[in-house]
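What follows is the residue order along each chain.
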Amino acid sequence: MVNRRHIRSKVLQTIYAMNQNQSDRIDVYEKYLFNSLENIRELYLLMLSSLIEMQKVEKDFLEVSAQKYLATAKELNPNQKFVNNHVLNVLANSETLNNWLAELQINQFTLNDHYIKNLLDEVKESDFYKEYMSNEVNDFEEDKIFAIKLFTNFIAPSEKIYEFLEDSKISWIDDIPVVNTAILKQLEGLKPNGYFKINKVFKDDEDKEFAKQLFRKTVLNSNEFLKEYEDKTKNWDLDRLADLDTIILNLGVCELQKFPSIPVKVTINEYLEIAKEYSTPKSSIFINGILDALVKEYRQENKLNKIGRGLID
């Protein structure tokens, strides 16, 4: 689920928190790092549950309406196309998904169902929903298109849900785009009668090890990495350098020196993008200049020990 850039960002945030607290407890903050990454699974499951809860809320509404003493013909015989949506049923009936939701006690949208009810009201007022409900076509592909648009156009961009997630766990704010992208890809890939597979947090053990080693090697060698570029900051006062910029530079130097399989361009491009997102407007220009100068120096001194894919420029 998480990609290397997101891993790099999490390592950056962890080292920043460690520095702010003036701590040298690598073990404590390594645990913090992996907790932060593993929490992404909870967010992923919670966002999936929003689709299930929306279908459930509508089912309950139709059942209550049909039991009214003076129920209308429409209430007694409602259009059930939405509650019978094939894709929503795949999610609702997934034993694996339901087991995960129960094990991690993911029930926030059940306990706070007003978020789902308000969002459902908004959906039902839309032309998108009315067109879907009036269309007599009832197949898996049409239901999948509807489910994708429901998630993309209503759930993912909902400001109320965003605020709810922010209040629930602040670390989720950076994770929302990653999770939403993963869910969208899964919805797009669903097949009729297909098995719904729960995404892993890490693509493989290699990515998990990358997170661990990037954190450890950067922290343990930070003073040595600082010496690598302190003479290249002619127009920058190191003492006034933003803490985040120093950490980003140390991460970049760490990858250049300690990760032979990662291409130089990948390292530089990744930390330029991270600098744009997390630091000051001028940071990416500064970081690009420092890392570029270091690469030229390492090449001249034959200090870039790259192998395999890392040899790619």
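The text that follows walks through the structure, step by step, so that each part is easy to find. In this convention, every chain numbers its residues from 1, walking through the sequence in written order. Reporting of local features is limited, given that this is a predicted model, to residues whose pLDDT is at least 70; pairs of side-chain atoms are given and counted only at 80 or more, and all residues count toward the totals for whole chains, interfaces and linings. Note that water and hydrogens are dropped before the side-chain values are worked out from all heavy atoms of the structure.

Now for the overall build of the protein chain. In DSSP terms, a helix is any run of H or I states spanning at least four residues, a strand is any run of E spanning at least two, and both are numbered starting from the N terminus. Helix and strand counts for the protein chain come out as 16 helices and 0 strands. The principal-axis extents of the C-alpha atoms in the protein chain amount to approximately 85 × 40 × 35 Å. Put simply, the protein chain has 313 residues, and 46% of those count as buried. By definition, residues are in contact when any of their heavy atoms lie within 4.5 Å. Counted over contacts in the protein chain with a minimum sequence separation of 6, partners at least 24 positions apart contribute 80%. What sets the accessible areas is the Shrake-Rupley method with a 1.4 Å probe; for residues, cover comes only from the shown protein chains. For the protein chain, the exposed area adds up to about 17,100 Å²; of that, 47% sits on carbon and sulfur atoms. We count Lys and Arg on the positive side and Asp and Glu on the negative side, and we leave His and both chain ends out. Here the site of a charge means NZ on Lys, CZ on Arg, CG on Asp, or CD on Glu. Computed over 41 positive and 51 negative side-chain charges, the inter-centroid distance for the protein chain is 4 Å. Per-residue accessibility, obtained with a 1.4 Å probe over protein chains only, is compared with the maximum for each type, and a residue is labelled buried under 20%, exposed over 50%, and partly exposed between these values.

As a further point, take the packing of helix H1 (residues 4-20) against helix H2 (residues 26-66). With axes taken as lines fitted to C-alpha atoms, and helix axes fitted only over the stretch in contact, angles between N-to-C directions fall between 0 and 180 degrees. Where H1 contacts H2, the two axes come as close as 10 Å, and the packing angle between them is 140°. Here H1 is positioned oblique relative to H2, judged by the angle of their axes. Handedness of the H1/H2 crossing: right-handed. On H2, the residues that touch His6, Lys10, Val11, Thr14, Ala17 and Met18 of H1 are Ile26, Tyr29, Tyr32, Leu33, Ser36, Leu37 and Ile40. For this scheme, ten residues count as nonpolar: Ala, Val, Leu, Ile, Met, Phe, Trp, Tyr, Cys and Pro. Four count as charged, namely Asp, Glu, Lys and Arg, and the remainder, Gly too, count as polar. Considering only residue class, the contact of H1 with H2 consists of 9 nonpolar, 3 polar and 1 charged. These descriptions rest on fixed angle ranges, namely under 35 degrees for roughly parallel, over 145 for roughly antiparallel, 65 to 115 for roughly perpendicular, and the rest for oblique. Should the near helix be turned anticlockwise from the far one by less than a right angle, the crossing is termed left-handed; should it be turned clockwise, right-handed.

Attention now moves to the pattern of salt bridges. Salt bridges are defined by distance alone: a side-chain nitrogen of Lys or Arg within 4 Å of a carboxyl oxygen of Asp or Glu. Evaluation of the coordinates by the stated rule reveals 19 salt bridges. For Arg4, the salt bridge identified is with Asp207, shortest N-O distance 2.6 Å. Of this pair, Arg4 sits in helix H1 while Asp207 sits in helix H12 (residues 205-220); the two residues are 203 residues apart in sequence, bridging distant segments of the chain. Residue classification places Asp207 among the buried positions, given a relative accessible area of 5%. When the shortest N-O distance is used, the salt bridge between Arg216 and Glu30 registers 2.5 Å. Of the two residues, Arg216 sits in helix H12 while Glu30 sits in helix H2, which places them 186 residues apart along the sequence. Classification of Arg216 by relative accessible area gives partly exposed; the value is 31%. By sharing partners, the salt bridges in this structure join Arg5, Arg8, Glu255 and Glu270 into a single network.

The next subject is the environment of Leu88. Along the chain, Leu88 falls in helix H4 (residues 86-92). The class of Leu88 is buried, set by a relative accessible area of 0%. A sequence separation of 40 residues divides Leu88 from Leu48, and the C-alpha atoms of the two residues are 9.9 Å apart. The residues touching Leu88, leaving out its near neighbours within four places in the chain, are Leu51, Gln55 and Phe82.

In this structure, Phe82 and Leu150 are the most contacted members of the largest nonpolar core, which totals 96 residues. Looking at this core element by element, the count peaks at 16 residues for H2. Non-local contacts of Phe82, meaning those with residues more than four positions away in its chain, are made with Met54, Gln55, Glu58, Leu88, Leu120, Tyr129, Tyr132, Met133, Phe146 and Leu150. Take the buried residues of types Ala, Val, Leu, Ile, Met, Phe, Trp, Tyr and Cys, join any two whose side-chain atoms come within 4.5 Å, and each joined set is a nonpolar core.

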